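Given next are the chains, with one letter for each unit.
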Amino acid sequence: GPIVCLPILSWFQINLIIMIPNNDKSHVSKRVGLNDFCMQIDSHMDFSDNYDTELIFMHHRTQNDYAVLSTYVAAIDQNNQNIRVVPNLCMVTFTSTIRNWGTKECRNIVRPKLTNAMWGAGLSFHRCHAEINVPVDPYLDNVFDGEEGSRGIRFFTHGYDVYAPDVVLVTHDYKGHQGNPVVHTWGAGRR
């Protein structure tokens with residue numbers, strides 16, 4: 001399947017969850033180990049140097065084995081800049097469900113900031129036991145609005161705490177992706 005396993009230290013492994021749609025993501029829990037780390041990201045992402053070990057060190061700074069590092073990530077021009085201004089997912093709106101709306105800045109935080117149930121699909125990094133204990137809901141097949149609110153609440157009610165990262169390590173190509181008309185016309189003209 002489309003899971004990439006990256007061995008990074010002799011006793012850890014990161015499983016990169018890159019599957020879409022949700023019903024495929026829900027099968028990940030059958031393929032991971034409890035002591036591994038799992039990471040879910042959006043497409044069009046880039047990574048800072050040493051992001052793999054730095055994300056593990058950041059997770060350890062929470063001093064919480066049930067920590068989930070999650071946010072809407074910074075723009076790609078902040079990659080490898082060691083920026084201490086990080087996005088904190090903290091705003092929601094209510095449509096037919098709870099929907100994440102945006103971020104505010106956190107400056108010079110020394111460890112990840114607890115946000116509780118504000119989970120974002122743009123970046124999610126945690127121990128893989130979270131995928132086993134709180135798998136993606138297989139009944140949210142192809143759902144975009146509602147996945148984040150649902151999963152964030154489910155993490156919280158299963159004893160997981162969601163934290164905003166304290167350093168920018170994963171970035172998104174917002175301008176290249178959102179400004180590309182080909183990306184937004186995929187499937188146009190097909191009936």
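It should be emphasised that the depicted structure is a prediction, and the values quoted were computed from it without experimental measurement.

What counts and what doesn't
Residues numbered from 1 in each chain as written. Predicted model: local features only at pLDDT ≥ 70, side-chain atom pairs only at ≥ 80, totals over all residues. Heavy atoms only, no water. Disulfide = S-S within 2.5 Å. Helix = DSSP H or I, 4+ residues; strand = E, 2+ residues; numbered from the N terminus. Buried < 20%, exposed > 50% of the residue type's maximum accessible area, 1.4 Å probe, protein only. Salt bridge = Lys/Arg side-chain N within 4 Å of Asp/Glu carboxyl O. Contact = heavy atoms within 4.5 Å.

Asks: Tell me what's going on with the state of the cysteines, and back it up with residues and numbers.
Replies: Note on terminology: disulfide describes a covalent bond linking the sulfur atoms of two cysteines. For the structure on display, the rule yields 1 disulfide. Covalently, Cys38 is tied to Cys128 through a disulfide, its sulfur atoms 2.1 Å apart. Its S-S torsion of approximately 110 degrees makes the covalent link between Cys38 and Cys128 right-handed. Highlighted residues: Cys38 in strand β3 (residues 37-41) and Cys128 in the loop between β10 (123-127) and α3 (129-133), separated in sequence by 90 residues. The burial state of Cys38 is the same as that of Cys128; both residues are buried. Lacking any disulfide linkage, Cys90 is separated from the closest cysteine sulfur, that of Cys106, by 7.4 Å.

Asks: Break down the pattern of salt bridges for me, with residues and values.
Replies: Counted according to the given criterion, the structure contains 4 salt bridges. Between Arg127 and Asp65 there is a salt bridge, with the nearest N and O atoms lying 3.0 Å from each other. Highlighted residues: Arg127 in strand β10 and Asp65 in the loop between α2 (51-61) and β5 (67-71), separated in sequence by 62 residues. Under the relative-accessibility criterion, Arg127 is labelled buried at 9%. The class for Asp65 is partly exposed, based on a relative accessible area of 39%.

Asks: Break down α2 for me, with residues and values.
Replies: Those residues of α2 lying buried are Tyr51, Asp52, Thr53, Leu55, Ile56, Met58 and His59. One or two steps after α2, the chain reaches Gln63, where phi turns positive at roughly 55 degrees.

Asks: Give a detailed account of helix α4 (residues 147-157), specifying residues and quantitative values.
Replies: Buried within α4 are the following residues: Glu147, Glu148, Gly149, Arg151, Gly152 and Phe155. Positioned one or two residues after α4, Gly159 has a phi angle of 90 degrees, which is positive.

Asks: Describe the side chain of Thr115, with residues and values.
Replies: As for its position among the elements, Thr115 is in strand β9 (residues 113-116). In contact with Thr115, other than residues within four places in its own chain, are Asn88, Leu89, Val162, Tyr163 and Ala164.

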